[in-house]
Amino acid sequence: MAKADAAALADKPAETLTLEEAREELARLVAEIGAHDKRYYEEDAPTISDAAYDALRQRNAAIEARYPELKRADSPSEKIGAKPSGRFAKVRHAVPMLSLDNAFEEADVHDFLARIRRFLGLKEGEEVALLAEPKIDGLSASLRYENGVFRRGATRGDGTEGEDVTANLRTLGDVPEKLGKGAPEVIEIRGEVYMSHADFEALNARMEKEGERLFANPRNGAAGSLRQLDPAVTARRPLRFFAYGWGETSEVPAKTQWEMMQAFRDWGLPTNPFMKLCADVEEALAHYRDIEAERARLGYDIDGVVYKVNELALQERLGFVSRSPRWAIAHKFPAEKATTVLQGIDIQVGRTGALTPVARLAPVTVGGVVVKHATLHNEDYIKGIGRDGEKIRDGKDIREGDTVLIQRAGDVIPQVLDVDLSRRPKDAEPYVFPDKCPVCGSDAVREHDPKSGRTDAVRRCTGGLVCEAQAMERLKHFVSRAAFDIEGLGAKQVEAFWRDGLIKHPSDIFTLAERERTSLKKLKDREGWGETSVKNLFAAIDERRQIALARFIYGLGIRHVGETNARRLARHYGTFAAFMEGARAAGGEAGPAWQELNDIDGIGPVVAEAVVQFFAEAHNIEEIEKLLREVTPQEAERVQSTSPVAGKTVVFTGALEKMTRDEAKAMAERLGAKVSGSVSARTDLLVAGPGAGSKLKKAAELGVEVIDEDAWLKLVG
Ligand code: IVH
């Protein structure tokens, strides 16, 4: 059948199809749904929304209901037992599911404790009790219980929003349908879903017999099994669960983490038997060594030990930095290592033009994962030279053909650690790092910073706009998850559109639909696309014409402006116009605009300089103007707070007696205040303790309100 006819058929209501048309349509739907399943499950790159996908399945079912005799053996409705429920619904977590900071060495754990002690202002001899427990290598889940009954279960997702996998979690023997006596009215139990080694082996053996794809490791097995559309499939998968924390709760019936875990156990939730309450850091580290020694005998994967401050009141005071708690840390086990042959060195060109050498390796399994690539960091690293010009690896260089030692730690990109000179091929030549960009041919240079006198370790392509690699990477960044996150438009699709000249700049994304109307080569005729997916893509793009300011700023790809800094800038300036005006005014002389940019908490001169430079480039302004014709960044969400200090700029000076400066600052920020280091006309409040000097004087001159620590504590409740 010709393409045009197929498209017309796809638009025809199911109940008006003739027998012949229905047969054609069912064949098309099998292919289309199959292709979407592949993109969703195997490539993790869906091109249509969940609703559109459901519509396809419903259409398939409707046609089959009308012509049962046409139902195909490979029909999507026949797949895996009971009727699949379509894609998972989204669930917003009442309390975000955060991540943990990592420690790799004992010294990092001591630093973690020192930070806590400093923050809380503890005196010598005042110990902080820690709960130490295995860090389970699975995937986190949140179980919501209301009146003691399991109501909803969700995956972590991006931490803010996960997938509703209630029916699947319900099939786990470790997830009680009801909690025992004494459970709060509402509680979200947080924990890890995992698969034991024995169950994993048995599952893979079964999958092999059934001709299915095998899982690479137990964690993938657990993730793949939990995210099954059909709960009956999950039920046949041997998943387990350990509870280790909580989200929203109507009541906290304990004073410590340890007591809370005891309560969990009393309510019938599985907690890890290797949890131990430790009186101090030394005891916690000893427990780490015990767990490490037991690791191989546990029967399930763990990748470290988590330490948590035991007192809940202290946890509360410590709060969070960015996306992880100040009161907990994951002490990771040493990375897994393996030896393999370096087959070649490829150079990747990043968004900022950085040339990164990547090792192409003879595939090797490291800790259950097949590794084919590893980073070589930069030119000096290959030569055996460290950051400060010192020798690394005793000055040994790395050559193509070498036998190398690689290591993989968690989800971090594997790296090449060492070379075995005794196995170096006779004809191996020292690697010559290119001084031209391998993509656009422009000079690739290492910048010299006259201020520090240092030469950048990174060689960068000077091609800027002409360099296709940079342009493409910038686009990929623009559509990435933390930026515009357009459903159906991931890195792969952007790359394809880019190659065909359809999208060269971010603003082109938003004119795509308009151009499509007059285009002769229609998007729906492209490989992997169809009428519905194109329609959905345009809808997803339109959805992003309104976008959070922080996402917009992050998406611009300004050097040194990651998610956190983008949030800081958004929160400070409030609107994009104010940000752009501030950034442009900050260029040139070191005037008040430059000062303002530098004064933003967490933004230093390096970031400020990068921001200024970005807005000093005419081509950036040009693209921003085009983009702003299509997209409206929303005003930044001011911190929602009813506190009297919300939105105020506060300065602390002199000694504080009831809490440390850090804690006071964190508290003020939590309540929506901005904390600044210097008094100016913009200061709303000066909190002055004993010994206050010049800031107090300045505040008096400027007529800024001054209060003492007690008044501050009263004010913030
Ligand atoms: S506590 C505020 N305890 O590790 C975050 N997490 O890197 C509290 N994990 O997403 C997390 N075992 O999935 C905690 N005993 C344990 C854990 C654990 C595994 C995972 C969890 C989290 C990730 C953080």
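Residues numbered from 1 in each chain as written. Predicted model: local features only at pLDDT ≥ 70, side-chain atom pairs only at ≥ 80, totals over all residues. Heavy atoms only, no water.

Participant: Would you explain the sheet that holds strand E8 (residues 240–249) in this entry?
Facilitator: Strand pairing in a sheet relies on backbone hydrogen bonds, with the paired strands running either antiparallel or parallel. Read across the open sheet, the four strands follow the order E5-E4-E7-E8; overall the sheet is antiparallel. Two strands in the sheet have a free side with no partner beyond their single neighbour: strand E5 (149–155) and E8. Strand-to-strand twist of the sheet, defined as the mean angle between neighbouring strand axes without regard to direction, takes the value 30°. Where strand E4 (residues 139–146) lies against strand E7 (residues 186–194), eight bridges are found, and the strand directions are antiparallel. Each residue of the ladder has a partner; that of Ser-140, found in E7, is Glu-192. (Pairing = 2+ DSSP bridges. Helix = DSSP H or I, 4+ residues; strand = E, 2+ residues; numbered from the N terminus. Axes fitted to C-alpha atoms, helices over the stretch in contact; angles between N-to-C directions.)

Participant: When you look at the site of the ligand in this model, what are you seeing that I'm missing?
Facilitator: Neighbouring the ligand are 13 residues; Glu-133, Ile-136, Glu-192, Tyr-244 and Lys-308 lie closest to it. Contacts to the ligand include Pro-134, whose backbone N or O atom sits 3.2 Å from a nitrogen atom. The side chain of Glu-192 places a nitrogen or oxygen atom 2.6 Å from an oxygen atom of the ligand. Here the ligand has 520 Å² of accessible area as a free molecule, and 86% of this is covered by the chains. (Near = heavy atom within 4 Å. Polar contact = N/O pair within 3.5 Å; in protein donor to acceptor, adjacent residues only side chain to side chain. Areas by Shrake-Rupley, 256 points an atom, 1.4 Å probe, with all protein chains shown as cover.)

Participant: Explanation requested: unusual backbone geometry in the structure shown.
Facilitator: With the exception of glycine, the majority of residues adopt a negative phi angle, and the majority of peptide bonds are in the trans configuration. The phi dihedral of Asp-394 is positive, around 55°, even though this residue is not glycine. In this structure, Asp-485 is a non-glycine residue whose phi angle is positive, near 45°. Taking relative accessible area as the criterion, Asp-485 reaches 33% and is therefore assigned partly exposed. (Buried < 20%, exposed > 50% of the residue type's maximum accessible area, 1.4 Å probe, protein only.)

Participant: What is the right way to read the sheet that holds strand E23 (residues 649–653) from this model?
Facilitator: The four strands lie next to each other as E24-E23-E25-E26, forming an open sheet whose pairing is parallel. With one partner strand each, in any of the chains shown, strand E24 (674–676) and strand E26 (705–707) form the two edges of the open sheet. Taken over all neighbouring pairs, the strand axes of this sheet differ in orientation by 30° on average, direction set aside. Bridge count for strand E25 (residues 685–688) against E26 is three bridges, and the pairing is parallel. Counted as the bridge partner of Val-687 is Ile-707 from E26. Packed onto the sheet, helix H25 (residues 694–702) meets E23, E25 and E26 and runs at close to 145° relative to E25. (Contact = heavy atoms within 4.5 Å.)

Participant: I'm lost on the pairing of strand E3 (residues 130–136) in this one. Help?
Facilitator: Each regular strand displays side chains that alternate between the two surfaces of the sheet. Counted residue by residue, E3 has six buried out of seven residues, so it is predominantly covered. Judged from the three bridges that link them, E3 and strand E9 (residues 276–278) form a sheet pairing that is antiparallel. Bridged to Leu-131 within E9 is Leu-277. Pairing of E3 with strand E10 (residues 302–309) involves seven bridges; the strand directions are antiparallel. In the sheet register, Lys-135 faces E10, and the bridge partner there is Gly-304.

Participant: Is there a simple way to explain the packing of aromatic side chains in this structure?
Facilitator: Each aromatic ring pair is specified by the distance between its two centres and by the angle formed by the two planes. Taken as a whole, this structure holds 20 aromatic pairs when the rule is applied. Pairing Trp-246 with Phe-264 gives two aromatic rings, centres 6.2 Å apart and planes at 70°, and the pair type is edge-to-face. You can see Trp-246 sitting in strand E8 and its partner Phe-264 sitting in helix H9 (residues 257–266), a full 18 residues away along the chain. Plain terms: the ring middles of Phe-614 and Phe-615 are 5.3 Å apart, the flat faces sit at 80° to each other, and that makes the pair edge-to-face. A relative accessible area of 12% means that Phe-614 is categorised as buried. When its relative accessible area of 3% is taken as the criterion, Phe-615 is described as buried. Pairwise contacts between aromatic rings join Phe-478, Phe-484, Phe-510, Phe-552, Tyr-573, Phe-576, Phe-579, Phe-614 and Phe-615 into one cluster. The lysine or arginine in question, Arg-393, covers the ring of Tyr-381, its NZ or CZ lying 4.8 Å from the ring centre. We note Lys-504 situated over the ring of Trp-498; from NZ or CZ to the ring centre the distance is 3.5 Å. (Phe/Tyr/Trp six-rings, centres within 6.5 Å; stacked < 30°, edge-to-face > 60°. Lys NZ or Arg CZ within 6 Å of the ring centre and 35° of its normal.)

Participant: What is the right way to read the pattern of salt bridges from this model?
Facilitator: Oppositely charged side chains can pair when the atoms bearing their charge come close. Summed over all chains, the structure comprises 45 salt bridges. Here Glu-146 ties to Arg-144 by a salt bridge, and the two come within 2.8 Å at their closest N and O atoms. Note on Glu-146: relative accessible area 27%, which makes it partly exposed. Glu-379 is paired through a salt bridge with Arg-446; the nearest N and O atoms lie 3.7 Å apart. Here Glu-379 is found in helix H12 (residues 379–383), whereas its partner Arg-446 is found in strand E19 (residues 444–449), with 67 residues between them in sequence. (Salt bridge = Lys/Arg side-chain N within 4 Å of Asp/Glu carboxyl O.)

Participant: Can you walk me through H9 in this structure?
Facilitator: For an α-helix the count is 3.6 residues per turn, leaving residues at separations of three or four pointing the same way. Within H9 the residues assigned to the buried category are Gln-257, Met-260, Met-261, Ala-263 and Phe-264. For H9, the angular spread of the buried residues around the axis is 155°, confining them to a single face. Elements in contact with the buried residues of H9: E3, E7, E8, E10 and helix H11 (312–318). The first or second residue beyond H9 is Gly-268, which carries a positive phi of 100°. (Arc of directions from axis to C-beta.)

Participant: I tried to follow the environment of Leu-172 on my own but got confused; where do I start?
Facilitator: Residue placement: Leu-172 occurs in the loop between helix H5 (166–170) and E7. Each C-alpha atom, one on Leu-172 and one on Leu-239, is 6.2 Å from the other, the two residues being 67 residues apart in sequence.

Participant: Would you mind going over the nonpolar core with me for this structure?
Facilitator: The nonpolar side chains of a soluble globular protein tend to be buried with one another. With 58 residues, the main nonpolar core has Ile-509, Leu-569, Phe-576, Phe-579, Val-611 and Phe-615 as its most contacted residues. In terms of residue count, the dominant contributor to this core is helix H22 (residues 605–616) (seven residues). Setting aside residues up to four positions removed in sequence, Phe-579 forms contacts with Ile-553, Ile-558, Leu-569, Tyr-573, Val-611 and Phe-615. Within the second largest apolar cluster, 48 residues are counted, among which are Ile-63, Phe-241, Met-261 and Met-275. (Core = buried A, V, L, I, M, F, W, Y, C linked by side-chain atoms within 4.5 Å.)

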